[in-house]
Amino acid sequence: MKKTILLIAMTVFVAMGSIAQAQKIATINTMKVVDTLPMKDSVMAKLAAIEQGYVQRLQDLEMEMQNKEKEYQTKQALKASPAQLELIQKSFQRLQQEAQETQEAYKAEIQQEQVRLYNPILELVRKTAGDVAKAKGYAHVIDNSQSIVLWSANPADDLTAAVIAGLLKKDRKSTRL
C-alpha cells in the first residue's frame, strides 16, 4: 500500500515537473520599455503643461496671500477697526482654502491624465510583449520593473530589449505613413 502511494506521488511530481518545464516564462521591464519610447516625451510635455498652469495659479494665490498679510499688518499698525481686520483675515482664509483646493485639483487632474495618456502606451507594450513572447515560444511574461523577479537562470528570458526594438520598429513604420 505504501509503495503504491509513493509510486503515485512520484508519478504526479514527475508529471508536474514536465508540465512546468514545458511552459517557458519570460520577463520584461515595462518601465524601461516606456522610458525609451518617443511617445513618452509627448506625454511628459502634456503633463508639464497641465502642471505649469497649476503652478502659475498657485504662485498668484501665494502673492495674493502675501499682499493680504501686508495689508493686515499695515491696517493693524494704523489701528484699523476690528471689523476691517476681520474682513482681511476672512479674505486671507479664502485664499488659503482656494490654494488648498487648487493643489487637490492639480493632484487629481495629473493622476487622471497620467492614466489616460499612459494606458494606450501600456496596452501597446503589452501587445508587443505578447507578440515577442509568442514568437520566442514563451507561455508567460512577468513584469520585473518592480524588482519582483529575484533571480533568473537565463538572462535571455528577459524580453525587454526585444520589445523595445519591436516598438521602435512599429513607431518608425507609423511615422512613415
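Further up the page is the structure itself.
Residues numbered from 1 in each chain as written. Predicted model: local features only at pLDDT ≥ 70, side-chain atom pairs only at ≥ 80, totals over all residues. Heavy atoms only, no water.

## Observations concerning the overall build of the protein chain
When its secondary structure is counted, the protein chain shows 5 helices and 2 strands. Secondary structure elements in the protein chain, listed N-terminal to C-terminal, are α-β-α-α-α-β-α. For the protein chain, the residues scored as buried account for 23% of the 177 residues in total. Put simply, 86% of the contacts in the protein chain that link residues at least 6 apart link residues at least 24 apart. Summing over all exposed atoms, the protein chain offers an accessible surface of approximately 12900 Å²; the carbon and sulfur share of this is 59%. (Helix = DSSP H or I, 4+ residues; strand = E, 2+ residues; numbered from the N terminus. Buried < 20%, exposed > 50% of the residue type's maximum accessible area, 1.4 Å probe, protein only. Contact = heavy atoms within 4.5 Å. Areas by Shrake-Rupley, 256 points an atom, 1.4 Å probe, with all protein chains shown as cover.)

## Quick look at the nonpolar core
Among the nonpolar cores identified, the biggest contains 22 residues, and Val33, Ile121, Val125, Leu159 and Val163 are the most heavily contacted of them. Secondary-structure elements contributing two or more residues to this core are strand S1 (25–28), helix H2 (30–36), helix H3 (39–77), helix H4 (82–135) and helix H5 (160–176). Beyond its immediate chain neighbours, meaning those up to four positions away, leucine 159 contacts Ala26, Thr27, Ala129, Val132, Ala133, Lys136, Tyr138 and Val141. (Core = buried A, V, L, I, M, F, W, Y, C linked by side-chain atoms within 4.5 Å.)

## Details of the pattern of salt bridges
A complete count under the given rule lists 8 salt bridges for this structure. Between glutamate 98 and arginine 57 there is a salt bridge, and its shortest N-O distance comes to 2.2 Å. Here glutamate 98, found in helix H4, pairs with arginine 57, found in helix H3; they are 41 residues apart in sequence, far enough to count as distant. Measuring nitrogen to oxygen at the nearest pair gives 2.8 Å for the salt bridge that ties glutamate 113 to arginine 116. You can see glutamate 113 and its partner arginine 116 sitting in helix H4, 3 residues apart, about one turn around the helix. Looking at glutamate 113, the relative accessible area reads 17%, which means it is buried. Several salt bridges share partner residues, and in doing so they unite Arg57, Glu64 and Glu98 into one network. (Salt bridge = Lys/Arg side-chain N within 4 Å of Asp/Glu carboxyl O.)

## A short note on the environment of lysine 170
If you trace the backbone, lysine 170 turns up in helix H5. Residue classification places lysine 170 among the partly exposed positions, given a relative accessible area of 33%. Lysine 170 has contacts with Leu124, Thr128 and Asp131, leaving out every residue within four places of it along the chain.

## Quick notes on the packing of H3 against H4
Packing of H3 against H4 leaves a shortest axis separation of 10 Å and a crossing angle of 175°. Relative to H4, H3 is oriented roughly antiparallel. For the contact of H3 with H4, the per-class residue count stands at 22 nonpolar, 7 polar and 11 charged. (Axes fitted to C-alpha atoms, helices over the stretch in contact; angles between N-to-C directions. Parallel < 35°, antiparallel > 145°, perpendicular 65-115°, else oblique. Nonpolar A, V, L, I, M, F, W, Y, C, P; charged D, E, K, R; others polar.)

## What to know about the layout of surface pockets
The volume enclosed by the largest pocket comes to roughly 150 Å³. Looking at the largest pocket, the residues that line it are Ile28, Thr30, Leu122, Val125, Arg126, Ala129, Gly130, Val141 and Asp143. Among the elements that line the lining of the largest pocket, the one with the most residues is H4, at 5 residues. In the lining of the largest pocket, the residues fall into 5 nonpolar, 2 polar and 2 charged. (1 Å grid on protein atoms, 1.4 Å probe; cavity = no way out; pocket = protein on both sides within 12 Å on 5 of 7 lines; lining within 4 Å. Points joined across faces, edges and corners; volume = space filled by probe spheres on them.)

## Some words on unusual backbone geometry
Positive phi, close to 60°, is recorded for lysine 79, a residue that is not glycine. Mapped onto the fold, lysine 79 is located in the loop between H3 and H4. Owing to a relative accessible area of 73%, lysine 79 belongs among the exposed residues under this scheme.

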